[in-house]
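Here's the letter readout for the chains.
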Amino acid sequence: MTLPVAVREQVGIKRGDIVSVSVTSAGVLITPQRVIANELLDKIGESLSEQGLTLEDLIESGRSEREELLREMYGIEPRESA
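Residues numbered from 1 in each chain as written. Predicted model: local features only at pLDDT ≥ 70, side-chain atom pairs only at ≥ 80, totals over all residues. Heavy atoms only, no water.

Colleague: Let's hear about the pattern of salt bridges: which residues, and what values?
Modeller: In the structure shown here, the tally under the stated rule is two salt bridges. In this structure, E60 and R63 form a salt bridge, with 3.4 Å as the shortest nitrogen-oxygen distance. Note that E60 and R63 are positioned in helix α3 (residues 55-74) at a spacing of three residues, about one turn of the helix. Using a relative accessible area of 40% as the deciding quantity, one classes E60 as partly exposed. Note on R63: relative accessible area 36%, which makes it partly exposed. (Salt bridge = Lys/Arg side-chain N within 4 Å of Asp/Glu carboxyl O. Helix = DSSP H or I, 4+ residues; strand = E, 2+ residues; numbered from the N terminus. Buried < 20%, exposed > 50% of the residue type's maximum accessible area, 1.4 Å probe, protein only.)

Colleague: Outline a nonpolar patch on the surface, supporting the account with residue identities and numerical values.
Modeller: A cluster of nonpolar residues, L41, I44, L55, L58 and I59, forms a patch on the protein surface that exposes about 470 Å² of accessible area. At the level of secondary structure, the elements contributing two or more residues to the nonpolar patch comprise α2 (33-50) and α3. Looking at the nonpolar patch, the element that brings in the most residues is α3, giving three residues. With respect to the helices and strands, the residue L41 is situated in helix α2. (Patch = residues over 30% accessible without salt bridge, like charges linked within 9 Å, V, L, I, M, F, W, Y side chains within 5 Å. Areas by Shrake-Rupley, 256 points an atom, 1.4 Å probe, with all protein chains shown as cover.)

By themselves these figures say nothing about function.
As structure tokens, this is what we get:
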């Protein structure tokens, strides 16, 4: 899909950027993917806060799960963090 340069510049979309296209009752909505990603990250942050968690908690939980899977599935003992 080609958007006029003036439109792309006005909304901050560069040639080759990935966009999301949605059909609405008013027409078609084109949204830059980076906007969608930021909105999703904000929602994740809000959800974590509501549960009393931080991003660091989530990352550590992922590490723990990965280490457990390595042990269970492959018999690999993860290295100690420095």
